[in-house]
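Letter by letter, the chains look like this.
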Amino acid sequence: MADPAIPTDLSRRERRKLELRARILEAARELFEARGFADTKVAEICERADVAHKTFFNHFPGKQDLVRQFAELAVGELLVDIEAARKQGRSTGERLELFFTGMAERSLEAGPMFREMVTELVHVVHASTRRSEEARKLHDAFAAIVRDGLEAGDVTTRHDAETLTEVILGAYYVLIFNYANLEDFPLTEQATAVARFLADALAPSPEE
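As the structure is a prediction and not an experimental result, all values here were calculated from the model.

1. Things to note about the pattern of salt bridges
Here is step 1: One pass over the structure, following the stated rule, counts nine salt bridges.
Here is step 2: The salt bridge involving Arg48 is made with Glu30; its shortest N-O contact spans 2.8 Å. Highlighted residues: Arg48 in helix H2 (residues 42–49) and Glu30 in helix H1 (residues 12–35), separated in sequence by 18 residues.
Here is step 3: A relative accessible area of 44% places Arg48 in the partly exposed class.
Here is step 4: For Arg106, the salt bridge goes to Asp81, with nearest N and O atoms at 2.8 Å. Residue Arg106 is located in helix H5 (residues 92–110), and its partner Asp81 is located in helix H4 (residues 63–88); the two are separated by 25 residues in the primary sequence.
Here is step 5: In this structure Arg106 comes out as partly exposed when scored by relative accessible area, which is 38%.

2. Overview of the packing of aromatic side chains
Here is step 1: Enumeration according to the criterion identifies nine aromatic pairs in this entry.
Here is step 2: Each ring, one from Phe142 and one from Tyr172, has its centre 6.5 Å from the other, and the planes form 45°; the classification is tilted. Residue Phe142 is found in helix H7 (residues 133–152), and its partner Tyr172 is found in helix H8 (residues 161–181); the two are separated by 30 residues along the sequence.
Here is step 3: Counting every residue linked through ring pairs, the aromatic cluster contains Phe99, Phe100, Phe142, Tyr172 and Tyr173.
Here is step 4: The side chain of Lys63 reaches across the aromatic face of Phe37, ending 4.5 Å from its centre.

Parameters and conventions
Residues numbered from 1 in each chain as written. Predicted model: local features only at pLDDT ≥ 70, side-chain atom pairs only at ≥ 80, totals over all residues. Heavy atoms only, no water. Salt bridge = Lys/Arg side-chain N within 4 Å of Asp/Glu carboxyl O. Helix = DSSP H or I, 4+ residues; strand = E, 2+ residues; numbered from the N terminus. Buried < 20%, exposed > 50% of the residue type's maximum accessible area, 1.4 Å probe, protein only. Phe/Tyr/Trp six-rings, centres within 6.5 Å; stacked < 30°, edge-to-face > 60°. Lys NZ or Arg CZ within 6 Å of the ring centre and 35° of its normal.

Structure, rendered in structure tokens:
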């Protein structure tokens, strides 16, 4: 059966290339979940995907490049979550709470691979001195929440929109880093607390 994610208007060779790439990624995901990123070898990924070493390296320069692919997928899912919170929330505070509590729930559901991959994912997103495409999209999505709030009048004008956006983005990174690196970190409780703190911090003062 054809993979519905692969366009049907491609040549047979192009389709085959995308199918092999998807197979390698799926094998890597399964092994990362079972053994962890550090303990998974390229040879094991090739064996699970039933491809030759040469085929693997035709698609990915190394194991780290698999993480970039997962990072792009993860950012794509975050963008969907942020947009859903924008549409569902009636205020900036409600949008932030919807996003952060939802993020915590999905992170817990993702299991141990998410915890181990967090540092790798963020490193990949911010690996270069210039903001990567993934980081820019995430920044812009949070900036849209700030912009909505400014237009609605429930976000402060005491600080510029860029600063407020970076505060929200930083709060997200702190949460996922703590969850990844601190045993028994209460992600759900902390995500709720952070969302409410941000709502208070971003709210206009009485004189505004």
